[in-house]
Amino acid sequence: MSVRNDVMADNDGHWSKREIDAGSFKDARLGRRCSELLRQLGEHMGGSIPFACQDWANTKAAYRFFSNPNVEEGDILNGHFAATARRYNACNGPILVLQDTTEFTYQRRNPHAVGLPRASTVAETNRSGCATIRSAGY
């Protein structure tokens, strides 16, 4: 058995298989790639794509998948929606639906000061119209 087949065999019982409907994709290979990519990203939650993919070939395959015009949002989400419905139907008790309502406001008293590190920093425009920045050294 090849290394690639070992990886796919290990992936058979993985939760990512239940979240992807490979039949939703126009090409079955895209469904398999999506499931494998979801497994890799899930095992390295919060990490970068190169970290999750571990090598250049898998990283490049991930970026190709994301930029593939044959992959649509619905293709990826169909399996997830179906899996969510199955989990809902299998539950006998109350179901909590949690939502993150965090909001960020990036308002400043002086919006022109964005990027200026200290109050002693002064931005000026020279004769040629180019911006220059002077700051006092500490």
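Structure first, text after, so check above.
First, a word on scope: everything that follows refers to the structure included in this document. (Residues numbered from 1 in each chain as written. Predicted model: local features only at pLDDT ≥ 70, side-chain atom pairs only at ≥ 80, totals over all residues. Heavy atoms only, no water.)

## Some words on the pattern of salt bridges
- Enumeration according to the criterion identifies five salt bridges in this entry.
- Residues Glu 19 and Arg 87 are paired through a salt bridge, measuring 2.5 Å at the closest nitrogen-oxygen approach. Here Glu 19 is found in helix α2 (residues 15–19), whereas its partner Arg 87 is found in helix α6 (residues 73–90), with 68 residues between them in sequence.
- Taking the shortest distance from any N to any O, the salt bridge between Glu 36 and Arg 39 comes out at 2.5 Å. In this pair, Glu 36 and Arg 39 are both assigned in helix α3 (residues 28–43), three residues apart and thus about one turn of the helix distant.
- One network of salt bridges, with partners in common, ties together Glu 36, Arg 39 and Glu 43. (Salt bridge = Lys/Arg side-chain N within 4 Å of Asp/Glu carboxyl O. Helix = DSSP H or I, 4+ residues; strand = E, 2+ residues; numbered from the N terminus.)

## A word on the packing of aromatic side chains
- As enumerated under the stated definition, the model contains two aromatic pairs in all.
- Plain terms: the ring middles of Phe 25 and Phe 65 are 6.3 Å apart, the flat faces sit at 55° to each other, and that makes the pair tilted. Within this pair, whereas Phe 25 is found in the loop between α2 and α3, its partner Phe 65 is found in helix α5 (residues 56–67), the two being separated by 40 residues in sequence. Note on accessibility: Phe 25 and Phe 65 belong to one class, buried.
- Linked through ring pairs, Phe 25, Phe 65 and Phe 66 together constitute an aromatic cluster. (Phe/Tyr/Trp six-rings, centres within 6.5 Å; stacked < 30°, edge-to-face > 60°. Buried < 20%, exposed > 50% of the residue type's maximum accessible area, 1.4 Å probe, protein only.)

## Section: unusual backbone geometry
- Even without glycine at this site, Gln 54 takes up a positive phi of about 75°.
- Within the element layout of this structure, Gln 54 appears in the loop between α4 (49–53) and α5.

## Looking at the side chain of Ser 24
- Along the chain, Ser 24 falls in the loop between α2 and α3.
- Within polar-contact distance, the side chain of Ser 24 engages the side chain of Asn 78 at 3.4 Å.
- Once you skip the residues sitting within four places of it in the chain, Ser 24 turns out to touch Asp 75 and Asn 78. (Polar contact = N/O pair within 3.5 Å; in protein donor to acceptor, adjacent residues only side chain to side chain. Contact = heavy atoms within 4.5 Å.)

## Topic: the environment of Lys 60
- Relative to the helices and strands, Lys 60 resides in helix α5.
- Here the alpha-carbon distance between Lys 60 and Pro 50, two residues ten residues apart in the chain, equals 8.6 Å.

## A few points about the environment of Thr 59
- With respect to the secondary-structure elements, Thr 59 resides in helix α5.
- In this structure, the C-alpha to C-alpha distance between Thr 59 and Ile 49, residues ten residues apart in sequence, is 6.5 Å.
- Residue contacts for Thr 59: discarding those within four places in its chain leaves Ile 49, Pro 50 and Cys 53.

## Let's talk about the packing of α3 against α5
- At a minimum axis distance of 11 Å, the contact between α3 and α5 shows a crossing angle of 120°. Relative to α5, the element α3 lies oblique. Considering only the axes of α3 and α5, their crossing is left-handed. Contacts between α3 and α5 involve Leu 30, Arg 33, Cys 34, Leu 37, Gln 40 and Leu 41 from the former and Asn 58, Ala 61, Ala 62, Phe 65 and Phe 66 from the latter. (Axes fitted to C-alpha atoms, helices over the stretch in contact; angles between N-to-C directions. Parallel < 35°, antiparallel > 145°, perpendicular 65-115°, else oblique. Left-handed = near helix turned anticlockwise from the far one by under 90°.)

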